[in-house]
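One letter stands for each residue in the lines below.
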Amino acid sequence: RKRYGLSMRQLAAKAGLTPGIVSCIERGKNSPSISTLSKILAALDSDLQTFFSVEGKTETGYVMRRENMRAISDETRSYALLFPKREDIKLEMLDEMHEPGGPKPELEALSCDVAGYIVRGSIQLEIQDEGTFTLRPGDAFYVPRDIIHRGFAVGEESARLISVCYPPKY
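These numbers come from a predicted model, not from an experiment.

What counts and how
Residues numbered from 1 in each chain as written. Predicted model: local features only at pLDDT ≥ 70, side-chain atom pairs only at ≥ 80, totals over all residues. Heavy atoms only, no water. Buried < 20%, exposed > 50% of the residue type's maximum accessible area, 1.4 Å probe, protein only. Helix = DSSP H or I, 4+ residues; strand = E, 2+ residues; numbered from the N terminus. Contact = heavy atoms within 4.5 Å. Pairing = 2+ DSSP bridges. Core = buried A, V, L, I, M, F, W, Y, C linked by side-chain atoms within 4.5 Å.

A. Here's a closer look at helix α2 (residues 19-26). Among the residues making up α2, those that are buried are Val22, Ser23 and Cys24. In this structure, the buried residues of α2 make contact with α1 (8-15). Positive backbone phi, approximately 75°, marks Gly28, located one or two places after α2.

B. The arrangement of the sheet that holds strand β4 (residues 108-109) in detail. Overall, antiparallel pairing links the four strands, which are arranged β4-β9-β6-β7 in an open sheet. Either end of the sheet is taken by a strand with one partner, and the two such strands are β4 and β7 (131-135). Where strand β6 (residues 122-127) meets β7, five bridges bridge the pair, whose relative direction is antiparallel. The residue of β7 that forms the bridge with Ile123 is Leu135.

C. Quick peek at unusual backbone geometry. Following Tyr166, the chain continues into Pro167 via a peptide bond in cis, with omega recorded as -10°. Relative to the helices and strands, Pro167 is located in the segment after β10 (159-166). A positive phi angle, close to 60°, is found at Asp45, a residue other than glycine. With respect to the secondary-structure elements, Asp45 resides in the loop between α3 (34-43) and α4 (48-51). A residue is classified by how much of its surface remains accessible, and Asp45, at 61% relative accessible area, is exposed. The phi torsion at Asp146 lies on the positive side, around 70°, for a residue other than glycine. The residue Asp146 is located in the loop between β8 (140-143) and β9 (148-154) in this model. Take Asp146: its relative accessible area is 53%, and that puts it in the exposed class.

D. View of the pairing of strand β5 (residues 113-120). Bridge count between β5 and β10: seven bridges; the pairing is antiparallel. Among the inter-strand pairings, Val114 is bridged to a residue of β10, identified as Cys165.

E. Spatial organisation of the nonpolar core. If you look at the biggest cluster of nonpolar residues, it comprises 14 residues, and the most contacted ones within it are Ile118 and Phe141. Among the secondary structure elements, those contributing two or more residues to this core are β5, β6, β8 and β10. The residues touching Phe141, leaving out its near neighbours within four places in the chain, are Val114, Ala115, Gly116, Ile118, Leu125, Leu135 and Leu161. Grouped together as the second largest cluster of nonpolar side chains are nine residues, Leu11, Ala12, Ala15 and Leu44 included.

Okay, here's the thing in structure tokens:
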């Protein structure tokens, strides 16, 4: 924030957050959710992939090894970024784990199409003006860009899904 010459209020406004949230994060009082961190990074012209990348470890070629993939998480969700951020890769793929019982993520409209396949557990998918759907293993979904939606685990077990974003949202 300081490198960009932004006050807390300016960053909060640019990220669509309250100044109090930015202040708590900066003071170490709260850890941001993945969604909140994404908003802050976008306001700073960055993204999760860049933020969590390890300098000097760039995957090249057509095969991506698990040990080179970046993982990010918050209280109820964890993501493995399956593909590196590269000009020649035209989509983003995630291996997602969602724990049930936590706070629901915010409803949001992404600037990309998103699709997913449920591998384990159940995901509740809410799509504005379309309804609420409970997805189980073997089910898939597709949400076009700019459609307000959210998904989260329901039931007793954690949910795992593979999701794809096109174009990459990073």
